[in-house]
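Listed below are the residues making up each chain.
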Amino acid sequence: MKFLGKFAGALALIALFIAGGFWALGYYVSGKMKGPDPVTIASASLQGLKEQNRLSAFAARFVSVTTSTQSQFGLSARKTLIMPGMVRYEVDLAKLRQKDVTWDPGTKTLGVTLPPVEVSQPQIDLTQMREYGEGGLLSTFTDADAKLQEANRRAGQRELVRQAHEAVPLNLARDATRRAVERSFAMPLKAAGVDVPVKVRFADEARNKDEVWDTTRSLEEVLGNRN
């Protein structure tokens with residue numbers, strides 16, 4: 001009887017051990033079946049974006065038309081300059097931080113806040129510049145031509161910068177950059193079988209009252225709680 005009791009106890013221990021093994025295996029498989037973690041994937045995407053340093057998703061061409069006049073000794077000279085220039089709109093991705101990427105577990109939405117769009121200095125297309133007007137006698141006997149050209153170029157640069165900072169091209173640049181960054185986060189997620197919406201905004205943009213950015217948790221907070 002003692003032998004049978006010991007044998008039954010051993011069987012109970014073995015059964016308990018097997019049950020524990022199956023529970024651990026089930027827990028492991030269950031974790032794997034849940035699929036990839038969107039927070040981990042987003043963190044890797046963030047690091048990849050930062051390594052790009054700068055993102056230029058939009059460029060626009062502008063044309064300035066400026067006219068300068070100079071008078072001296074009762075004479076006058078007048079010149080008009082047509083100056084085209086290309087402007088790039090960039091975002092400094094190196095400024096992105098983990099707290100700029102948020103995860104809302106309630107709506108399962110990934111949010112990204114980008115630094116403001118930066119406007120480059122106009123790149124003047126010298127081959128397409130056109131100058132009209134004559135200085136007459138004033139240009140012949142003075143340096144009026146050089147002064148008019150310099151004045152037109154300075155005014156033309158200022159005009160190109162003004163056009164580049166208007167609301168329409170800035171909004172187009174933000175939209176193009178927004179789409180590029182959304183794809184950068186969404187594509188790795190979809191490739192891993194995780195289909196979640198990605199919302200991108202800029203730090204200098206006003207928030208819509210319907211957005212839930214203030215209630216989300218940053219990747220920094222989420223990943224920190226796992227350590």
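Higher on the page you've got the structure.
Here's a quick rundown of the structure. (Residues numbered from 1 in each chain as written. Predicted model: local features only at pLDDT ≥ 70, side-chain atom pairs only at ≥ 80, totals over all residues. Heavy atoms only, no water.)

Comments concerning the overall build of the chain
Inference 1: Counting secondary structure elements, the chain contains 6 helices and 9 strands.
Inference 2: Within the chain, buried positions represent 34% of all 227 residues.
Inference 3: A sequence separation of at least 24 residues applies to 79% of the contacts in the chain between residues at least 6 apart.
Inference 4: Total accessible area on the chain is roughly 14300 Å²; 57% of this is exposed by carbon and sulfur atoms. (Helix = DSSP H or I, 4+ residues; strand = E, 2+ residues; numbered from the N terminus. Buried < 20%, exposed > 50% of the residue type's maximum accessible area, 1.4 Å probe, protein only. Contact = heavy atoms within 4.5 Å. Areas by Shrake-Rupley, 256 points an atom, 1.4 Å probe, with all protein chains shown as cover.)

Concerning the pattern of salt bridges
Inference 1: Taken as a whole, this structure holds 13 salt bridges when the rule is applied.
Inference 2: One salt bridge in this structure joins Arg 54 and Glu 118, with 2.5 Å as the shortest N-O distance. With Arg 54 in strand β1 (residues 54–72) and Glu 118 in strand β5 (residues 118–119), this pair connects stretches of sequence that are 64 residues apart.
Inference 3: Accessibility expressed as a relative area gives 34% for Arg 54, which makes it partly exposed. (Salt bridge = Lys/Arg side-chain N within 4 Å of Asp/Glu carboxyl O.)

Looking at the environment of Val 87
Inference 1: You can see Val 87 is positioned in strand β2 (residues 75–92).
Inference 2: Each C-alpha atom, one on Val 87 and one on Gln 163, is 9.9 Å from the other, the two residues being 76 residues apart in sequence.
Inference 3: The contact partners of Val 87, leaving out residues within four places of it in the chain, are Phe 58, Ala 59, Ala 60, Phe 62, Val 119, Ser 120, Pro 122 and Ala 164.

Details of the packing of aromatic side chains
Inference 1: One pass over the structure, following the stated rule, counts 1 aromatic pair.
Inference 2: Consider the rings of Phe 58 and Tyr 89, whose centres lie 5.6 Å apart with planes at 50°: the pair is tilted. With Phe 58 in strand β1 and Tyr 89 in strand β2, this pair connects stretches of sequence that are 31 residues apart.
Inference 3: Tyr 89 sits in the buried class, given a relative accessible area of 0%. (Phe/Tyr/Trp six-rings, centres within 6.5 Å; stacked < 30°, edge-to-face > 60°.)

Examining the pairing of β2
Inference 1: Here β2 pairs with strand β7 (residues 130–132) via 3 bridges, running antiparallel. Opposite Thr 80, over in β7, you have Tyr 132 as the bridge partner.
Inference 2: Sheet topology places β2 next to strand β6 (residues 123–124); 2 bridges connect them, and they run antiparallel. Pairing of Met 86 across the sheet is with Gln 123, part of β6.
Inference 3: Pairing between β2 and β5: 2 bridges, direction antiparallel. (Pairing = 2+ DSSP bridges.)

With respect to helix α5 (residues 167–191)
Inference 1: Over its 25 residues, α5 extends 36 Å from the first C-alpha to the last, a length consistent with the 36 Å expected when each residue adds 1.5 Å.
Inference 2: Regarding α5, the residues found buried are Pro 169, Leu 170, Ala 173, Arg 174, Ala 176, Thr 177, Arg 178, Ala 180, Val 181, Phe 185, Ala 186 and Leu 189.
Inference 3: One or two positions beyond α5, positive phi appears at Gly 193, with a value near 85°. (Expected span 1.5 Å × (residues − 1).)

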